[in-house]
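Chain by chain, the residues run as shown.
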Amino acid sequence: MKRTFAILLRNPLSLLGLLLIALVVFSAVFADFITPFPAHVGAVVDFANFNRPPEWPYIMGTDLVGRDLFTRIVYAYRISLILGVVVLAIAVPIGVTIGLTAGYFGGWIEYVLMRITDVFLSIPPLVLAMSMMGVLEPTLTNGMIAVTAMWWPWYTRLVYNLTRSEKEEGYVLAAEVIGASKTHVMFREILPNCVPSILTKMTLDLGFVILIASSLSFLGLGVQPPTPDLGSMVADGAKYLPDSWWLTVFPGLAILIAVFGFNLVGDALREILGAEQ
């Protein structure tokens, strides 16, 4: 791990990605201390300062009811990261367990599990999430459920392919010969060799989860006002382009920074860990 981190620091693009991720995480964690108007996260109205362009102390301008845009973007990062971490914390164990089981046991277990996975994979992810959010109440919790429902099959497919390859290796056969249980073989022998690929995909997916969640909010199916959300801010500001450009440009840049950072680090990890295997 230390060697991988050292290589990341020597690569200019991956270093840029790490800095962008650090900026996003720092903003989300310390939002209460770095934002000038924390009260503007809620249903606050300040018509004396509504729709102001970027100027001090509103460095990114204000929205249509006078709330500081910088404050709301920083708090929106917190919402996006919470959603991304929770979605992956649920989707990855589900997908990995199903993929390990299908790949290792084979036979009818593989057939049933992978056909169910294929059904989910056959539906475009955003369409599936939109369908679920159209039925459920558009809240943060339901948004997590909707995105999780579309994310676990990708880990199932990844781990399934890796397991089918790894189960023929000598170390797996040796463990089976000495009487190791199937659970031990799957989770103690095969899974550790799948971890590099899983970590790489998780890094890439954090950015994509934020993008999908923002897309749902853009369509009015995600986090609802007055809770700050990057997608809904872009959607609200798009109605007033080009005059009030800051309402859309700054939230859009915030999404770009998060997605770009995770993608740069994920691509670098894929190259580094792929070369080590």
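Residues numbered from 1 in each chain as written. Predicted model: local features only at pLDDT ≥ 70, side-chain atom pairs only at ≥ 80, totals over all residues. Heavy atoms only, no water.

Engineer: What's the story with empty space enclosed by the protein in this structure? I'm lost.
Structural biologist: Empty space among the atoms becomes visible once a probe the size of a water molecule is rolled across them. Here the structure, examined in full by the defined rule, presents two cavities of 30 Å³ or more. What lines the largest cavity is Leu83, Thr139, Leu140, Gly143, Ala213, Leu216, Ser217, Gly222, Val223 and Asp229. With three residues, the single largest contributor to the lining of the largest cavity is helix H9 (residues 182-218). Here the residues of the lining of the largest cavity sort into five nonpolar, four polar and one charged. Taken as a whole, the second largest cavity holds about 40 Å³ of empty space. What lines the second largest cavity is Phe120, Leu121, Ile123, Pro125, Leu128, Met150, Pro153 and Trp154. Considering every element that reaches the lining of the second largest cavity, the biggest residue donor is helix H7 (residues 140-166), with three residues. When the residues that make up the lining of the second largest cavity are grouped by side-chain class, the tally is eight nonpolar, no polar and no charged. (1 Å grid on protein atoms, 1.4 Å probe; cavity = no way out; pocket = protein on both sides within 12 Å on 5 of 7 lines; lining within 4 Å. Points joined across faces, edges and corners; volume = space filled by probe spheres on them. Helix = DSSP H or I, 4+ residues; strand = E, 2+ residues; numbered from the N terminus. Nonpolar A, V, L, I, M, F, W, Y, C, P; charged D, E, K, R; others polar.)

Engineer: How do you make sense of the pattern of salt bridges when you look at a structure like this?
Structural biologist: Pairs may arise between side chains of opposite charge once their charged atoms sit close together. In total, this model carries six salt bridges according to the counting rule given. Between aspartate 32 and arginine 78 there is a salt bridge, and its shortest N-O distance comes to 3.9 Å. Highlighted residues: aspartate 32 in helix H3 (residues 31-34) and arginine 78 in helix H4 (residues 69-105), separated in sequence by 46 residues. Exposure remark for aspartate 32: the relative accessible area of 44% places this residue in the partly exposed category. According to the relative accessible area criterion, arginine 78 is partly exposed, its value standing at 23%. Of the charged contacts in the structure, one is a salt bridge between lysine 201 and aspartate 205, with a shortest N-O distance of 3.4 Å. With lysine 201 and aspartate 205 both in helix H9 and four residues apart, the pair spans about one turn of that helix. Across this residue pair, the class does not change: lysine 201 and aspartate 205 are buried. Each member of the salt-bridge network shares a partner with another, and the members are Arg115, Asp118 and Arg157. (Salt bridge = Lys/Arg side-chain N within 4 Å of Asp/Glu carboxyl O. Buried < 20%, exposed > 50% of the residue type's maximum accessible area, 1.4 Å probe, protein only.)

Engineer: Honestly, the nonpolar core in this entry has me stumped. Any pointers?
Structural biologist: Side chains that are nonpolar tend, in soluble globular proteins, to be buried together. Ile73, Trp151, Ile198 and Leu230 are the most contacted members of the largest nonpolar core, which totals 61 residues. Of all the secondary structure elements, the ones that give two or more residues to this core are helix H2 (12-29), H4, helix H6 (125-135), H7, helix H8 (170-177), H9, helix H10 (230-238) and helix H11 (246-276). The biggest single contributor to this core is H4, with 16 residues. Look past the residues within four positions of isoleucine 198 in its chain and what remains in contact with it is Val92, Val96, Tyr155, Leu158, Val159 and Leu191. (Core = buried A, V, L, I, M, F, W, Y, C linked by side-chain atoms within 4.5 Å. Contact = heavy atoms within 4.5 Å.)

Engineer: Any chance you could explain the layout of surface pockets here in plain terms?
Structural biologist: Estimates place the volume of the second largest pocket at around 220 Å³. In this structure, the second largest pocket is lined by 14 residues; those nearest its centre are Asp63, Arg67, Arg72, Met233 and Asp236. Going through the elements one at a time, H4 and H10 are the ones with two or more residues in the lining of the second largest pocket. With four residues, H10 is the largest single contributor of residues to the lining of the second largest pocket. The residue makeup of the lining of the second largest pocket, split by class, is six nonpolar, three polar and five charged.

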